[in-house]
Amino acid sequence: MTSAKSVTRSAPSTVQAIAIVSSLLTVQTSGRGFTDFTSEVAKFINEARAAEGALTLFIRHTSASLTIQENADPSVLVDLTTALSRLAPENVPWTHDTEGPDDMPAHVKTMLTQTSLHVPVLGGRLALGTWQGIYLVEHRARPHRREIVLQFIGSNK
């Protein structure tokens, strides 16, 4: 059991949500792997003049996904790619293989990860942790053009 002395919380703050700002972000991937697009999301938050609220990100695909992951040590992303490949390998007899041997494993990997993210915005900035970045995870072997819907709901500066 955690003692009350080891838990702290800031005072609640309230804002009236008066803005809904949306944008469509297009990301060209180079094939299987992680693409960090945190800086583009931060630009959107700045252009939206966001103060306090919530950002939703939604990828419009079934063979790519979104994640928040460590952005300091690239070996984390290598190990995550390896883990996903072990969970949904290409060398098994999948029934759905319309677009090649990486097609069905890509759908499984998307199901195991996320198609949308929610990030709080506090004081006009993404409330990410020190070592967190926002990534598009491409699950297909060849390059793709992916679309991500960004939507901020909250108050403006």
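In this report, we go over the structure that sits alongside the text.

What counts, and where the lines are drawn
- Residues numbered from 1 in each chain as written.
- Predicted model: local features only at pLDDT ≥ 70, side-chain atom pairs only at ≥ 80, totals over all residues.
- Heavy atoms only, no water.
- Buried < 20%, exposed > 50% of the residue type's maximum accessible area, 1.4 Å probe, protein only.
- Helix = DSSP H or I, 4+ residues; strand = E, 2+ residues; numbered from the N terminus.
- Pairing = 2+ DSSP bridges.
- Phe/Tyr/Trp six-rings, centres within 6.5 Å; stacked < 30°, edge-to-face > 60°.

Here we look at the pairing of strand β7 (residues 132-138)
Working note: regular strand, side chains alternate between the two faces of the sheet.
Move 1: The buried count for β7 comes to six of seven residues, which makes it a mostly enclosed element.
Move 2: Where strand β2 (residues 33-36) meets β7, four bridges bridge the pair, whose relative direction is antiparallel. Bridged to Gly33 within β7 is Glu138.
Move 3: In the sheet, strand β4 (residues 64-70) pairs with β7 via seven bridges, with the strands oriented antiparallel. Note that in β7 the partner of Leu66 across the bridge is Leu136.

Section: the pairing of strand β8 (residues 145-156)
Move 1: In this structure, strand β1 (residues 19-28) lies alongside β8, joined through ten bridges in antiparallel fashion. The residue of β8 that forms the bridge with Ser22 is Gln151.
Move 2: As paired elements, strand β3 (residues 50-59) and β8 share nine bridges and run antiparallel to each other. Bridge assignment links Ile59 to a residue of β8, and that residue is Ile148.

Structural notes on the sheet that holds strand β5 (residues 116-122)
Move 1: In spatial order, the strands read β1-β8-β3-β5-β6; together these five strands make up an open sheet with antiparallel pairing. For this open sheet the edge positions go to β1 and β6 (125-126), each flanked by a neighbour on one side alone.

Here we look at the packing of aromatic side chains
Move 1: Scanning all chains against the criterion turns up one aromatic pair.
Move 2: Aromatic pair Phe34 and Tyr135: ring centres 5.9 Å apart, planes at 85°, arrangement edge-to-face. Here Phe34, found in strand β2, pairs with Tyr135, found in strand β7; they are 101 residues apart in sequence, far enough to count as distant.

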